[in-house]
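The residues making up each chain are set out below.
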Amino acid sequence: MDCNTCDTAPAVVINKPEVVQVALTISDKAKEMLGSAFGDDRSHALLVGVLSGGCSGYMYDLQIVESTDQDCQELKVDGFRVLVPNASSHLLDGIEIDYVDRLMGGGFKINNPNASSSCGCGESFA
Amino acid sequence: MGIYKLDSYVLIIRGKDRLSFIDGLSTNKVEGNCSTVFTTTAAKIIDLVDVIDMGDFIAIVGHQPYKDNLIQHISKRVLNQDISIVDISSNNSVYLSTEDIVVGDKITKRNTWRGYLLVAPNSEVIESNMSEDEFSEYRVENMIPHQGHEITPSVHPLACGLGDLVHEAKGCYIGQEILARMRSRGRQGKELVKQTNPVEGATTKGKTHSLAIVRKKIE
């Protein structure tokens, strides 16, 4: 394989979508659950991101982090620090973070107006 | 039998997320050298690719006419991952050898389910000594589906003989729910068969036998 020419071979253009200033909401139940997860320590942040993959092409990624090396926008929502990576901001504008209290399939859920479809487990969307 | 020149593209993917990125979007477990299939949400084929692990990067080799759709499919899913993609198709040619042959250092050789895949820089001359008819005969004899014949955007991998490339236990990928349901319910609809000529609707015609995708008989 001629890899010495990789530098001169054409790079596949990966179109980076425009960064959107994200607005998001957190449901009362999700606030309650986040409150018990964070406790009184609000130095940590909720990272709301998107990974490629999953049944529908994109997967939500929720993490509690102190900081991240991702290029993020920081929001203050109901007293919580929320970090949204700029690379996935176009997929996350307008979402509601909800919490579903169920024995099976329960937990944090994202209601996303940008999603045209979601997979059964709710973790993946297109 | 010989060596056949494929109509292929070669993309180089670099970055620490290169394997997990391809793994998350295709049917097989991608941990190194393998073949895997990219599918739509309806589980229809975008392309079958051979993944060649070159150590600090991977190459994916697919069917040239399907390149644009594949690039469109994967490039919009590069979000935060450490991924860069370079197209080296114009600098290299791709061959399939039915036998294990000795090649020079500049030629990359991988043993795949279809035969030995050879990726050669344009400076290295490899003589293609199989005609298209001979390649078809080889494929019919060994029931090897090929892009543009059996492997097309209108079928899913289970229908065209690529079931071995659909991993049963890996996590989610695009099209997985449909393929898993087909398998678990035994309803894959169609299947690849080799039949004695004449074969109605043959996808690849051989001298005495042909390949065709037919509705699977319910047992």
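**Focus: the interface of chain B and chain A**
Item 1. Contacts between chain B and chain A engage 37 residues on the former and 29 residues on the latter.
Item 2. For the pair chain B and chain A, the summed buried surface comes to about 2400 Å²; carbon and sulfur atoms form 62% of the total.
Item 3. Per-residue buried area on chain B facing chain A is highest for Leu79(B), Asn80(B) and Glu177(B); these three make up 25% of the total on that side.
Item 4. Counting the contacts that link chain B with chain A gives zero salt bridges.
Item 5. On the surface where chain B and chain A come into contact, there are five residue pairs in polar contact (both at pLDDT 80 or more).
Item 6. Elements with a contribution of two residues or more to the side of chain B that touches chain A: strand 2 (8-14), helix 1 (18-25), helix 2 (67-75), strand 6 (84-87), strand 9 (115-121) and helix 4 (176-185) of chain B.
Item 7. Residue composition of the side of chain B that touches chain A, grouped by class: 21 nonpolar, 10 polar and six charged.

**What about the domain arrangement of chain B?**
All names here are of chain B.
Item 1. We note that the domain assignment places domain 1 (7-92) and domain 2 (132-215) within chain B.
Item 2. Centre-to-centre, using C-alpha coordinates, domain 1 lies 21 Å away from domain 2.
Item 3. Between domain 1 and domain 2, a total of about 1900 Å² is buried, with carbon and sulfur atoms accounting for 64% of that surface.
Item 4. Among the residues domain 1 hides against domain 2, the three largest losses belong to Thr 27, Ile 45 and Tyr 66. Together they make up 31% of the total.
Item 5. Joining domain 1 to domain 2, the criterion identifies one salt bridge.
Item 6. Between domain 1 and domain 2 we count 12 residue pairs in polar contact (both at pLDDT 80 or more) in total.
Item 7. Only helix 1, strand 3 (34-39), strand 4 (45-53) and strand 5 (58-63) provide two or more residues apiece to the side of domain 1 that touches domain 2.
Item 8. Taken together, the residues of the side of domain 1 that touches domain 2 break down into seven nonpolar, 11 polar and five charged.

**Description of the packing of aromatic side chains**
Item 1. Enumeration over the complete set of coordinates arrives at four aromatic pairs over all chains.
Item 2. Plain terms: the ring middles of Tyr99(A) and Phe108(A) are 5.0 Å apart, the flat faces sit at 80° to each other, and that makes the pair edge-to-face.
Item 3. It is Arg77(B) that lies over the ring of Tyr58(A); its NZ or CZ is 5.3 Å from the centre.

**A word on the sheet that holds strand 5 of chain B**
Residues and elements named next belong to chain B.
Item 1. Read across the sheet, five strands follow the order 3-4-5-2-6 without closing on themselves; strand pairing throughout is antiparallel. Both outer strands of the open sheet, strand 3 and strand 6, are each paired with one neighbouring strand and no more. Going across the sheet, the axis of each strand differs from the next one's by a mean of 30°, ignoring polarity.
Item 2. The sheet contact formed by strand 2 and strand 6 spans four bridges and is antiparallel. Looking at the pairing, Ile 12 lines up with Val 86 of strand 6.

**Some remarks on the sheet that holds strand 4 (residues 72-77) of chain A**
Residues and elements named next belong to chain A.
Item 1. Spatial strand order, 4-5-2-3-8: five strands in an open sheet with mixed pairing. Edge positions in the sheet fall to strand 4 and strand 8 (124-125), since each of these pairs with one other strand and no more.
Item 2. Bridging between strand 2 (residues 45-52) and strand 5 (residues 80-85) involves two bridges; their strand directions are parallel. Bridge pairing links Leu 47 to Leu 83 in strand 5.
Item 3. The strands touched by helix 1 (residues 28-38) are strand 2, strand 3 (58-65) and strand 5; relative to strand 5, the strand with the most contacts, the crossing angle is about 100°.

**Here's the deal with the pairing of strand 4 of chain A**
Residue and element names in this part refer to chain A.
Item 1. Every second residue of strand 4 is oriented toward a common face, the buried set being Gln 73, Leu 75 and Val 77 and the non-buried set Cys 72, Glu 74 and Lys 76.
Item 2. Pairing analysis gives six bridges linking strand 4 to strand 5, with the strands arranged antiparallel. Following the sheet pairing, Lys 76 is matched in strand 5 by Arg 81.
Item 3. Between strand 4 and the antiparallel strand that follows it, strand 5, lie two residues; Asp 78 among them carries a positive phi value of about 50°.

**A look at the side chain of His146(B)**
Item 1. Note on placement: His146(B) falls in the loop between helix 3 (132-142) and helix 4.
Item 2. When neighbours within four sequence positions are excluded, His146(B) is seen to be in contact with Leu6(B), Arg114(B), Phe135(B), Arg139(B) and Ile151(B).

**Remarks on the pattern of salt bridges**
Item 1. On inspection of all chains with the given rule, the structure shows 11 salt bridges over all chains.
Item 2. Between Lys31(A) and Asp78(A) there is a salt bridge, with its nearest N and O atoms 3.5 Å apart. Separated by 47 residues along the polypeptide, Lys31(A) in helix 1 and Asp78(A) in the loop between strand 4 and strand 5 bring together distant segments of the chain.
Item 3. For Asp78(A), a relative accessible area of 46% translates into the label partly exposed.
Item 4. The salt bridge involving Lys67(B) is made with Asp87(B); its shortest N-O contact spans 2.6 Å. Of this pair, Lys67(B) sits in helix 2 while Asp87(B) is found in strand 6, placing the two residues 20 residues apart along the sequence. Asp87(B) matches Lys67(B) in its accessibility class, with the two residues each being buried.
Item 5. When salt bridges that share partners are traced, they join Asp28(A), Lys31(A) and Asp78(A) into one network.

The rules behind these values
- Residues numbered from 1 in each chain as written.
- Chains lettered and ligands numbered in written order.
- Predicted model: local features only at pLDDT ≥ 70, side-chain atom pairs only at ≥ 80, totals over all residues.
- Heavy atoms only, no water.
- Contact = heavy atoms within 4.5 Å.
- Buried area = accessible area lost by both parts, 1.4 Å probe.
- Salt bridge = Lys/Arg side-chain N within 4 Å of Asp/Glu carboxyl O.
- Polar contact = N/O pair within 3.5 Å; in protein donor to acceptor, adjacent residues only side chain to side chain.
- Helix = DSSP H or I, 4+ residues; strand = E, 2+ residues; numbered from the N terminus.
- Nonpolar A, V, L, I, M, F, W, Y, C, P; charged D, E, K, R; others polar.
- Domains from an automatic or database assignment.
- Phe/Tyr/Trp six-rings, centres within 6.5 Å; stacked < 30°, edge-to-face > 60°.
- Lys NZ or Arg CZ within 6 Å of the ring centre and 35° of its normal.
- Pairing = 2+ DSSP bridges.
- Axes fitted to C-alpha atoms, helices over the stretch in contact; angles between N-to-C directions.
- Buried < 20%, exposed > 50% of the residue type's maximum accessible area, 1.4 Å probe, protein only.

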